[in-house]
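The primary structure of each chain is shown beneath.
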Amino acid sequence: TAAHLSGGKYLAVHCRRTDFLRARTDTTPTAASAASQIGAVMREWGYKQVFVATDAPSDLREALREQVQGKAVFLDDAPNVTEHLGHPGQRAAVEM
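Residues numbered from 1 in each chain as written. Predicted model: local features only at pLDDT ≥ 70, side-chain atom pairs only at ≥ 80, totals over all residues. Heavy atoms only, no water.

Asks: Go over the pairing of strand E2 (residues 49-54) with me, naming the residues and quoting the values.
Replies: Within E2, 6 of the 6 residues are buried, which leaves it mostly tucked inside the rest of the structure. Where burial is concerned, the two faces of E2 agree: the one with Gln49, Phe51 and Ala53 and the one with Val50, Val52 and Thr54 are both buried. Note that strand E1 (residues 11-15) and E2 share 5 bridges and pair parallel. In the sheet register, His14 faces E2, and the bridge partner there is Ala53. Two elements, E2 and strand E3 (residues 71-74), share 4 bridges in a ladder whose sense is parallel. The residue bridging Val50 from the neighbouring strand is Ala72, located in E3. (Buried < 20%, exposed > 50% of the residue type's maximum accessible area, 1.4 Å probe, protein only. Helix = DSSP H or I, 4+ residues; strand = E, 2+ residues; numbered from the N terminus. Pairing = 2+ DSSP bridges.)

Asks: Could you give me a rundown of the packing of aromatic side chains, with the residues and numbers involved?
Replies: Describing an aromatic ring pair means giving the distance of the ring centres and the angle of the ring planes. Taken as a whole and assessed by the stated rule, the structure comprises 1 aromatic pair. A ring pair is formed by Trp45 and Tyr47, whose centres lie 5.8 Å apart and whose planes are at 70°; its orientation type is edge-to-face. (Phe/Tyr/Trp six-rings, centres within 6.5 Å; stacked < 30°, edge-to-face > 60°.)

Asks: Explain the nonpolar core to me, and be specific about the residues and the numbers.
Replies: Within the largest apolar cluster, 17 residues are counted, with the highest numbers of intra-cluster contacts made by Met42, Val50, Leu64 and Val68. Looking at this core, the elements that each hand over two or more residues are E1, helix H2 (31-45), E2, helix H3 (58-67) and E3. In terms of residue count, H2 provides more of this core than any other element does, 5 residues in total. Residues within four places of Leu64 in sequence aside, it is in contact with Ala31, Ala34, Ala35, Val52, Ala72 and Phe74. (Core = buried A, V, L, I, M, F, W, Y, C linked by side-chain atoms within 4.5 Å. Contact = heavy atoms within 4.5 Å.)

Asks: Give a detailed account of H2, specifying residues and quantitative values.
Replies: Compared with an ideal rise of 1.5 Å per residue, which puts 15 residues at 21 Å, H2 spans 21 Å between its outermost C-alpha atoms and is within 8% of the ideal. If you follow the buried residues of H2, they end up packed against E1, E2 and H3. Following H2 by one or two positions, Gly46 has its phi on the positive side, about 75°. (Expected span 1.5 Å × (residues − 1).)

Asks: So what's going on with the sheet that holds E2? Residues and values would help.
Replies: Spatially, 3 strands are ordered E1-E2-E3 in an open sheet, and the strand pairing comes out parallel. Unpaired on one side and paired on the other, E1 and E3 mark the two borders of the sheet. Ignoring which end each strand starts from, the neighbouring axes of this sheet average 30° apart. Sheet contacts for H2: E1 and E2; angle to E1, the most-contacted strand, approximately 165°. Strands in contact with H3 are E1, E2 and E3; relative to E3, the strand with the most contacts, it is inclined by about 155°. (Axes fitted to C-alpha atoms, helices over the stretch in contact; angles between N-to-C directions.)

Asks: Please provide a residue-by-residue account of the side chain of Thr54, values included.
Replies: Tracing the chain through its elements places Thr54 in strand E2. At 2.6 Å, the side chain of Thr54 and the backbone oxygen of Cys15 are in polar contact. (Polar contact = N/O pair within 3.5 Å; in protein donor to acceptor, adjacent residues only side chain to side chain.)

Shown next, in the form of structure tokens:
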């Protein structure tokens with residue numbers, strides 16, 4: 001995914017979703033809240049892009065792309081990396 005980031009500094013975050021939505025429904029942030037928190041850190045540190053490691057469904061990914069002020073990159077943006085991950089556990093380990 002380094003090729004998808006435009007050089008320079010970037011923020012990396014891990015956005016827990018599927019298991020947290022079941023186990024911690026009251027404390028798991030919405031897409032808007034996550035985007036707001038990510039954006040606040042990006043502004044504070046002067047970053048223009050973020051790599052988001054997540055197992056979230058595509059609707060959350062798209063919401064983050066739309067709502068984060070700057071470029072949001074996900075593992076799925078690098079199919080040349082994901083196609084080599086044969087077992088679902090390998091993908092999960094990379095997304096952590």
